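The lines below spell out each chain.
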Amino acid sequence: MHQMALRRHPAVLAAEAQVKEAAARNPVSGRLPNPEFESRLMFKDGSRTVFEGALMLSLPLSGRLGAANRVADIDLALAEAALSQARKQAENELGSILVRLEGARTKLALHEELAARSAEYAELARNRLSASLADPLDVSLVLADAASDKRALTRSRLEVVQIEEELLLLIGLNAPHLIIRTPVIEAVEICSDKESLVAMAQQHSELLLRARLEYQRAEWESALASRARIPDLRLGPAFNVGKEETEAGFAFSLPLPIFDTGASEYKASLAHRGVAFSALEFEVRSVNSRISMALNRLAALDAALEDLLGEVGASASEAFDLAEGRYFAGQTDVLRLLSAHRTHASVQLEIIELKVARHEVVLELESVIGCPLHDKRHQH
């Protein structure tokens, strides 16, 4: 699935096409202009008198070809960085879908268990009502609870099917009966030191790399606009072929930038460079902020999971076991059983959702940093 996503993801395909386009443009960016042949053929009284010709070669002494070549190199580096980012995003998107699919399947198994238990309660309530051992109101509550669990089971099955279709669409397969294996959702420990994560982002983040390259490109574009204001000298061999003799020499020309000095293009490039620098500064702040927010969300999710997996979850499970035993023994009413049943179910569902959310935050953090955190984490 990993290889399929990288081969068929539309963002990856578009980025690959952009790399090919930039690579095709790169070799011709710094080439000399083509030479030009200039000639004149003069006639007098219907007969040729003089033929003049000159081969003109441009000498870009301003250095604009070198600047244009640097811009093309940065364009290629930008396209490659965009391709790397697209591939990592495809990997993270696949990871997110797989985690959500595993969460949906886990919830489906829980809903199946809850629906089966509710159906058992409903059958028991009907039998007690037939034997005149139960209050009709209590029976109605049990039946309503069973119907609610049945609807939740239907929604859970639909969620699994939808996520499976989303996955098949991502990897480009049309195999509805394909068995898809998903990772087990377990809490993973990652590096929570912000300074270390920021340092990793400085080295690996395509977001920062592209912002830096955009600024470098703007700098070289301003250099190109500045050097383009210097006119290129054009010279080459020239000859005149007349009736009596042939003359050889040199021809040269130099444009005079009187009406179009290139000042407006240069000023526009300077303004664009300022915009690129501001965007780079903002991207640095944005990466730091996103890392901080992700760490804060992880801390909040970890605290909630610790509560639910600890005393809260144990209490809910114990309360449900006691309520069920007492209800079957006729020592408590159905309201307490349903309350304990709902509390236990809600805790289990919330644990699943928190684990999925935690994996999503880790994937988001990896997307911001630009590299996986597998080397920094281990399974509990």
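Residues numbered from 1 in each chain as written. Predicted model: local features only at pLDDT ≥ 70, side-chain atom pairs only at ≥ 80, totals over all residues. Heavy atoms only, no water.

Engineer: An account of the side chain of Gln-85 is needed here, citing residue identities and associated values.
Structural biologist: Among the secondary structure elements, Gln-85 is positioned in helix H3 (residues 64-130). Under the relative-accessibility criterion, Gln-85 is labelled buried at 14%. (Helix = DSSP H or I, 4+ residues; strand = E, 2+ residues; numbered from the N terminus. Buried < 20%, exposed > 50% of the residue type's maximum accessible area, 1.4 Å probe, protein only.)

Engineer: Give a detailed account of the packing of helix H6 (residues 206-227) against helix H7 (residues 263-328), specifying residues and quantitative values.
Structural biologist: Two elements in contact, H6 and H7, have axes separated by 8 Å at closest approach and are oriented at 170°. If you check the angle between H6 and H7, you find them roughly antiparallel. In terms of crossing hand, the pair formed by H6 and H7 is left-handed. (Axes fitted to C-alpha atoms, helices over the stretch in contact; angles between N-to-C directions. Parallel < 35°, antiparallel > 145°, perpendicular 65-115°, else oblique. Left-handed = near helix turned anticlockwise from the far one by under 90°.)

Engineer: Pulling in residues and values, what's your account of helix H8 (residues 334-369)?
Structural biologist: In an α-helix, one turn spans 3.6 residues; hence positions three or four apart end up facing the same way. Between its first and last C-alpha atoms H8 spans 52 Å; for 36 residues at 1.5 Å apiece the expected length is 52 Å, and the two agree. Downstream of H8 by one or two residues, Gly-370 has phi in the positive range, about 95°. (Expected span 1.5 Å × (residues − 1).)

Engineer: Residue-level account of the pairing of strand S4 (residues 233-242), with values.
Structural biologist: Where S4 and strand S5 (residues 246-253) come together, eight bridges link them in antiparallel fashion. Bridge assignment links Arg-234 to a residue of S5, and that residue is Ser-253. The antiparallel pairing of S4 with S5 creates a hairpin that spans three residues between the two strands. (Pairing = 2+ DSSP bridges.)

Engineer: Help me get a handle on the pattern of salt bridges, residues and values and all.
Structural biologist: Taken as a whole and assessed by the stated rule, the structure comprises 19 salt bridges. Residue Glu-36 is joined to Arg-234 by a salt bridge in which the shortest nitrogen-to-oxygen separation is 2.8 Å. With Glu-36 in strand S1 (residues 36-44) and Arg-234 in strand S4, this residue pair connects regions lying 198 residues apart in the sequence. Among the residues examined, Arg-234 registers a relative accessible area of 16% and is labelled buried. Lys-107 serves as the salt-bridge partner of Glu-159, at 3.6 Å between the closest nitrogen and oxygen. Residue Glu-159 is found in helix H4 (residues 136-171), and its partner Lys-107 is found in helix H3; the two are separated by 52 residues along the sequence. Taking the relative accessible area as the measure of exposure, Lys-107 reaches 15% and is therefore buried. Salt bridges here are not isolated pairs; linked through shared partners, they connect Glu-36, Glu-38 and Arg-234. (Salt bridge = Lys/Arg side-chain N within 4 Å of Asp/Glu carboxyl O.)

Engineer: How would you sum up the packing of aromatic side chains? Please name residues and give values.
Structural biologist: Overall, the coordinates contain two aromatic pairs when judged by the stated rule. For the ring pair Phe-51 and Phe-239, a centre distance of 6.1 Å and an interplane angle of 40° mean the geometry is tilted. With Phe-51 in strand S2 (residues 47-59) and Phe-239 in strand S4, this pair connects stretches of sequence that are 188 residues apart. On the basis of relative accessible area, Phe-51 is assigned to the partly exposed category, the value being 25%. (Phe/Tyr/Trp six-rings, centres within 6.5 Å; stacked < 30°, edge-to-face > 60°.)

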